[in-house]
Amino acid sequence: MGGHIDFYTDLNSIYGYLGFIHVLEHLEALRSYGVGVDFHPVYLPDLQQRSGNRVIWTVKARQHWLENYELPRSKRDFGVPEANPPDSDLNNLFRVGQTQLPLRALLAVRKLHSVRVYNSVWHWLYRSFWTPPQQCIKDEAPLREALQDMPLDFSSGVHDNESRQFSSGEVDGIISLAKEQKTKEQLRKNTDEALRQGAFGAPWMMVRNSAGVVEPFFGSDRFAQMYEFLGLSYSPLKLLPPPKPKPTPSHL
Amino acid sequence: MGGKIECYLDIASYYSYITFVQLQQTKELLKQNEVEVDIHPVLIGGINAGSGNRPPWLVPAKAKHSKYDSKRAAGALGLKNVTVPGDLMEAGKTLVPMRAMTYIKSAFPGDVFTTAFAYLFHSFWTLHKVPNSVPVLGEVLSEIPAHFQLDAPPPPSPAKLFTPEQVAQILAGTSAAEVKGALKARVDEALGRGAFGAPWIWVTDAQGCSEPFFGSDRWHFVYDFLGLPYQQMRLLPPQKARL
């Protein structure tokens, strides 16, 4: 038993969001196996460019499949059918996806608050970016507003609608630390680290099993393989036989 | 219940191999659910050219990562000794073997087609005998054991799937105009159905509605679309050790 998942992601990544949802929902279950999880912000446009995975051309057929089939199915599957970036035009994702400020804010929260709060802020900012009404949290004013509005104990799912996670003083503290040079450098260092490990996209996970072996995993659709690698018990996807028809009662 | 799964596969496409094996392993259950399966030999080179797509492994970091992903995909199926046969760009020129598979599908029974496809995948990815030229293809076709199965040890009997005459017939088929035309038509059909890679999976439900699926890792979406009963992938609590 035991192991660890280092989960690297950016707020502007839909598959990062889906993978994040899965891991967040399984935090307790993973803990029951002694598997710890740490979330790390990386700046995805930088990661893609530097790994040579920058898509400068669009394959129309792939775009069509993504928009009409793959993304709607995946979003439904993870329980966020309405997820869309602020400004639904995928071509503008480049602009609204310049998420350095909220990623640095996450690093600031990690420094100033507990891990539990930090994980909740990830969840809250992902929701703010992706679910209606989408907030353009790459910009300071919407980001401040999102942090200000965040309910206390957001991830617990129990909200009294009154209590807020952060006081306005705490929000100031987060934003001001986010803007410091050392925080900018930390985000760059995270991205460098992910690149060094072979990352080319998000979500990127470095997983260590109980034998101390570390392997990379990419995407929101490899959790069965991850559980296999970690030696956890799981039931695989399995097609079943059709249900037997009910036998008709015999008449004597 | 009911419906049809059409898979466009090329031997040079690793995840086509994975999909092929997945279909073999779920064959019985699909049949019980009254789902028809139809495998179409296709050219991944043709699909890439027609869609403007490029193989993902041209990005170095993706090529590096594919070693992990491909090993795990094979492991999940119990498939062993599967590795890239040298330069994949070169090995991807599968015009000759895919024409052969097109011909075999039209001229031989379904189980012969399936056995031949299985062996060609095996030859490419495990034996590293890439059957892209007529002479090498001829050798490979002549070798196929009559009852070749991917997950079974080699059969003791030396009976072969094809007689020498049949091998000659198939090789002649690879240069026949109607076979070339049929393969090109399949590539065009796949492109028309939105393909930009392989495996390309075209699924039609019992009401006649069709949707595309891509890759060997979206079967739960296929099952949802067809309304088939399935068990979801689920993390379980730690199992108590038996005393």
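J.: Help me understand the overall build of chain B in this model?
T.: For chain B, the count of helices and strands is eleven helices and six strands. Relative to the compact-globule value of 18 Å for 243 residues, chain B shows a C-alpha radius of gyration of 18 Å, a close match. Looking at chain B residue by residue over its 243 residues, the buried ones come to 51%. Within chain B, residue pairs in contact and separated by at least 24 positions form 72% of the contacts whose partners lie at least 6 positions apart. Per element, the accessible surface of chain B, about 11,400 Å² overall, is 58% carbon and sulfur. Side-chain charges of chain B comprise 23 positive and 21 negative groups, with the mean position of each set lying 9 Å from the other.

J.: How should the pairing of strand β3 (residues 200–204) of chain B be read in this particular structure?
T.: Working note: regular strand, side chains alternate between the two faces of the sheet. Residues and elements named next belong to chain B. The buried fraction of β3 amounts to five of the five residues, a majority that puts the element mostly inside the structure. Burial along β3 is two-sided: Trp200, Trp202 and Thr204 facing one way and Ile201 and Val203 facing the other are all buried. Strand direction decides the pairing type here: strand β1 (residues 4–9) and β3, joined by five bridges, are antiparallel. What sits directly across from Glu6, in β3, is Trp202. In this structure, β3 lies alongside strand β4 (residues 210–214), joined through five bridges in antiparallel fashion. Considered in β4, the bridge of Ile201 is made with Phe213. Joining the antiparallel neighbours β3 and β4 is a turn of five residues, in which Gly208 adopts a positive phi near 90 degrees.

J.: What is the right way to look at helix α3 (residues 44–51) of chain B in this model?
T.: Counting along an α-helix, one turn takes 3.6 residues, and residues three or four places apart therefore face a common direction. Residue and element names in this part refer to chain B. Along α3, the residues classified as buried are Ile44, Ile47, Asn48 and Ser51. Viewed end-on, α3 has its buried residues packed into an arc of 100 degrees, placing them on one side of the element. Set apart from the buried face of α3 by more than 90 degrees, the exposed residues are Ala49 and Gly50. Its buried side turned inward, α3 meets α10 (177–192).

J.: Whenever I open this one, the pattern of salt bridges confuses me. Can you help?
T.: Charged atoms that come close allow side chains of opposite charge to pair. Counted under the stated rule, the structure contains 29 salt bridges over all chains. Arg72 of chain B is the salt-bridge partner of Glu215 of chain A, the closest N and O atoms lying 2.8 Å from each other. Here Glu215 of chain A, found in strand β4 (residues 214–218), pairs with Arg72 of chain B, found in helix α4 (residues 60–77), and the two come from separate chains. With relative accessibility at 11%, the residue Arg72 of chain B sits in the buried group. The salt bridge partner of Arg193 of chain B is Glu6 of chain B, with a shortest N-O separation of 3.1 Å. Linking Arg193 of chain B in the loop between α10 and β3 with Glu6 of chain B in strand β1, this pair joins segments that are 187 residues apart in sequence.

J.: Got a minute to help me understand the sheet that holds β4 of chain B in this structure?
T.: Within a sheet, neighbouring strands are paired by backbone hydrogen bonds and run either parallel or antiparallel to one another. What the four strands build is an open sheet, ordered β2-β1-β3-β4 (chain B); its pairing is mixed. The sheet terminates laterally at β2 (36–41) and β4 of chain B, the two strands that pair on one side only. Mean inter-strand twist for the sheet, computed between neighbouring axes without regard to direction, equals 20 degrees. Helix α4 (residues 60–77) of chain A contacts β3 and β4 of chain B of the sheet and is inclined by roughly 80 degrees relative to β4 of chain B. Strands in contact with helix α7 (residues 110–125) of chain B are β1 and β2 of chain B; relative to β2 of chain B, the strand with the most contacts, it is inclined by about 50 degrees.

J.: So what exactly am I meant to see when it comes to the packing of helix α6 (residues 100–112) of chain A against helix α10 (residues 181–196) of chain A here?
T.: The description of two helices packed together rests on the angle between their axes and the distance between the axes. All names here are of chain A. Across the interface, α6 lies against α10 with an axial gap of 9 Å and an inter-helix angle of 100 degrees. Between α6 and α10, the crossing angle belongs to the class labelled roughly perpendicular. Only Thr183, Lys184, Gln186, Leu187 and Asn190 of α10 make contact with α6, whose side of the interface consists of Gln100, Leu103, Arg104 and Leu107.

J.: Before we go on, may I ask you to explain the interface of chain A and chain B in this structure?
T.: In many reports, interface size means the accessible area that the parts give up when they come together. On the side of chain B, 44 residues touch chain A, which itself brings 44 residues to the contact. Summed over both sides, the interface of chain A with chain B buries roughly 4,000 Å², with 61% coming from carbon and sulfur. It is Arg73, Leu237 and Leu239 of chain A in chain A that bury the most area against chain B; as a group they hold 18% of the surface buried on that side. Our count for the chain A to chain B interface comes out at seven salt bridges.

Analysis parameters
Residues numbered from 1 in each chain as written. Chains lettered and ligands numbered in written order. Predicted model: local features only at pLDDT ≥ 70, side-chain atom pairs only at ≥ 80, totals over all residues. Heavy atoms only, no water. Helix = DSSP H or I, 4+ residues; strand = E, 2+ residues; numbered from the N terminus. Rg over C-alpha atoms; globule rule 2.2 N^0.38 Å. Buried < 20%, exposed > 50% of the residue type's maximum accessible area, 1.4 Å probe, protein only. Contact = heavy atoms within 4.5 Å. Areas by Shrake-Rupley, 256 points an atom, 1.4 Å probe, with all protein chains shown as cover. Lys, Arg positive; Asp, Glu negative; His and termini not counted. Charge placed at Lys NZ, Arg CZ, Asp CG, Glu CD. Pairing = 2+ DSSP bridges. Arc of directions from axis to C-beta. Salt bridge = Lys/Arg side-chain N within 4 Å of Asp/Glu carboxyl O. Axes fitted to C-alpha atoms, helices over the stretch in contact; angles between N-to-C directions. Parallel < 35°, antiparallel > 145°, perpendicular 65-115°, else oblique. Buried area = accessible area lost by both parts, 1.4 Å probe.

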